[in-house]
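Architecture at a glance
Take a look at the letters that make up each chain.
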Amino acid sequence: GSLATLTPDEYVDLIDTLHPQTHLIVHLYESTITACRMLHSTLEKVAQCMPHAKFIEVRALDANPKLDTICLPAVLIYRGGELVHNLVRFTEELPKNGSGGGGGYGVE
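Structure report, in brief. (Residues numbered from 1 in each chain as written. Predicted model: local features only at pLDDT ≥ 70, side-chain atom pairs only at ≥ 80, totals over all residues. Heavy atoms only, no water.)

Details of the packing of aromatic side chains
Considering all chains together, one arrives at 1 aromatic pair under this definition. Between Y11 and Y78, the aromatic rings sit 6.2 Å apart at their centres with planes inclined by 75°, giving edge-to-face as the arrangement. With Y11 in helix 1 (residues 8-16) and Y78 in strand 4 (residues 74-79), this residue pair connects regions lying 67 residues apart in the sequence. Residue Y11 shares its accessibility class with Y78, and that shared class is buried. (Phe/Tyr/Trp six-rings, centres within 6.5 Å; stacked < 30°, edge-to-face > 60°. Helix = DSSP H or I, 4+ residues; strand = E, 2+ residues; numbered from the N terminus. Buried < 20%, exposed > 50% of the residue type's maximum accessible area, 1.4 Å probe, protein only.)

What follows is the structure in structure tokens.
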């Protein structure tokens, strides 16, 4: 698996065509936000370990120009096109990777 960058329109189209058993993990990000960059790195690694799920990222302000970026990073998890989890600004609660290996959130 891999982490793909999609436009908002591609994201909506993907949700509409998901297999009922497929999980879609969506990272809403802005590249200027450090936590978003760190989560991107971590999701790239997780995606390689979970080929049965689809991992994508969408630039948040492309999806919603009026979005308050204080809520980023955000992760939306869909199963078969239905939103099942909405994680907003959750990275503040995660342990930082103290090993210096990649700057992610505890994923080596």
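Examining the nonpolar core
Residues Y11, L24, V26, L28, I56 and Y78 are the most contacted members of the largest nonpolar core, which totals 19 residues. Taken together, the elements giving at least two residues each to this core come down to helix 1, strand 2 (23-29), helix 2 (34-49), strand 3 (54-59) and strand 4. Dropping the residues within four chain positions of it, L28 is found in contact with C36, V58, A60, L72, P73, A74 and L76. Counting residues in hydrophobic clusters, the runner-up holds 10 residues, among them L39, L43, F55 and F90. (Core = buried A, V, L, I, M, F, W, Y, C linked by side-chain atoms within 4.5 Å. Contact = heavy atoms within 4.5 Å.)

Description of unusual backbone geometry
Glycine aside, residues mostly have negative phi angles, and peptide bonds mostly take the trans form. Cis geometry is found at the peptide bond from L72 to P73, where omega equals 0°. Relative to the elements of secondary structure, P73 occurs in the loop between helix 3 (60-63) and strand 4.

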